[in-house]
Amino acid sequence: MIFEKLKPQVETIITNTKKTVDERLLDICKLLETHIDYYNWVGFYFTNADKKELHLGPYVGEPTDHTVIPFGKGICGQVAVSNENFVVPDVAAQDNYIACSITVKAEIVVPIFVNGENIGQIDIDSNTPDPFTEADERFLEFVCTQVSKIL
């Protein structure tokens, strides 16, 4: 499966200390968006706990106006509060969804933990209806664990 092939590449990106953290995060976004057909927007959001909001980090895909997201708002904001993965098979069926693009049909958000604290998340939008499986969740949890090592 594609995820098993990508894991060593994620590890290689993470351990490349010649690049900054943001450069490595962007490389991960590019890797996932390029190699997984239904990953159409891949990005990171990071927590500003004092202001109770998320700030957009490196990403690939269509530009977004959502550079700051309050905790509790949208899928990303809900994950900032719940500390749990959130898989949305159909964004149109979600009441608390922030539309980034009319082409987006599904979304998955997985939190990043450092020392047990939710410090951010990886956010993936798909233009394919209901594409995400448990395998996506496990793979993205792996990615977030690797990312947490450099934050």
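Residues numbered from 1 in each chain as written. Predicted model: local features only at pLDDT ≥ 70, side-chain atom pairs only at ≥ 80, totals over all residues. Heavy atoms only, no water.

J.: Quick question: what am I supposed to make of the side chain of threonine 64 here?
T.: Position of threonine 64 relative to the elements: it lies in the loop between strand 2 (53-60) and strand 3 (68-70). Threonine 64 sits in the buried class, given a relative accessible area of 12%. At a separation of 3.0 Å, a polar atom in the side chain of threonine 64 contacts the main-chain amide nitrogen of histidine 66. Ignoring anything within four residues of it in the chain, the contact list for threonine 64 reads Trp41, Tyr45, Leu56, Tyr59 and Cys100. (Helix = DSSP H or I, 4+ residues; strand = E, 2+ residues; numbered from the N terminus. Buried < 20%, exposed > 50% of the residue type's maximum accessible area, 1.4 Å probe, protein only. Polar contact = N/O pair within 3.5 Å; in protein donor to acceptor, adjacent residues only side chain to side chain. Contact = heavy atoms within 4.5 Å.)

J.: How do you make sense of the environment of valine 91 when you look at a structure like this?
T.: Take valine 91: it is sitting in the loop between strand 4 (86-88) and strand 5 (106-114). Distance in space between the C-alpha atoms of valine 91 and asparagine 40 is 14 Å, their sequence separation being 51 residues. Setting aside residues up to four positions removed in sequence, valine 91 forms contacts with Tyr97, Val104, Lys105, Ala106 and Glu107.

J.: Whenever I open this one, the packing of aromatic side chains confuses me. Can you help?
T.: Centre-to-centre distance and the angle between the planes together describe a pair of aromatic rings. If you walk through the whole model with that rule in mind, you get 7 aromatic pairs. Pairing phenylalanine 3 with phenylalanine 139 gives two aromatic rings, centres 4.7 Å apart and planes at 20°, and the pair type is stacked. Highlighted residues: phenylalanine 3 in helix 1 (residues 2-14) and phenylalanine 139 in helix 4 (residues 134-148), separated in sequence by 136 residues. Accessibility classification places phenylalanine 3 together with phenylalanine 139 in one group, the buried group. Through a chain of ring-to-ring contacts, three or more aromatic side chains come together here, namely Tyr38, Tyr39 and Phe132. (Phe/Tyr/Trp six-rings, centres within 6.5 Å; stacked < 30°, edge-to-face > 60°.)

J.: It is not clear to me how the nonpolar core should be interpreted in this structure. Could you clarify?
T.: In a soluble, globular protein the nonpolar side chains are often hidden away together inside. Membership of the largest hydrophobic core comes to 31 residues, with the highest contact counts inside it found for Ile28, Leu32, Tyr39, Phe44, Ile122, Phe139 and Leu140. When residues of this core are assigned to their parent elements, the largest contribution, 6 residues, is made by helix 4. Membership of the second largest hydrophobic core comes to 15 residues, among which are Ile69, Ile75, Ala80 and Val109. (Core = buried A, V, L, I, M, F, W, Y, C linked by side-chain atoms within 4.5 Å.)

J.: What is the right way to look at the sheet that holds strand 4 in this model?
T.: Read across the open sheet, the 6 strands follow the order 3-2-1-6-5-4; overall the sheet is antiparallel. Two strands close off the open sheet at either side, each with one partner strand: strand 3 and strand 4. Mean inter-strand twist for the sheet, computed between neighbouring axes without regard to direction, equals 25°. As paired elements, strand 1 (residues 41-48) and strand 6 (residues 117-126) share 6 bridges and run antiparallel to each other. Pairing of valine 42 across the sheet is with isoleucine 124, part of strand 6. Where helix 2 (residues 21-35) meets the sheet, its contacts fall on strand 1, strand 2 and strand 6, and the angle it forms with strand 2 comes to roughly 65°. (Pairing = 2+ DSSP bridges. Axes fitted to C-alpha atoms, helices over the stretch in contact; angles between N-to-C directions.)

J.: Explanation requested: helix 1 in the structure shown.
T.: Given 3.6 residues to a turn, an α-helix orients residues that are three or four positions apart in the same direction. The end-to-end C-alpha separation of helix 1 is 19 Å, in line with the 18 Å expected for 13 residues at 1.5 Å each. Listed in full, the buried residues belonging to helix 1 are Phe3, Leu6, Val10, Ile13 and Ile14. Those residues of helix 1 that are buried are in contact with helix 2 and helix 4. (Expected span 1.5 Å × (residues − 1).)

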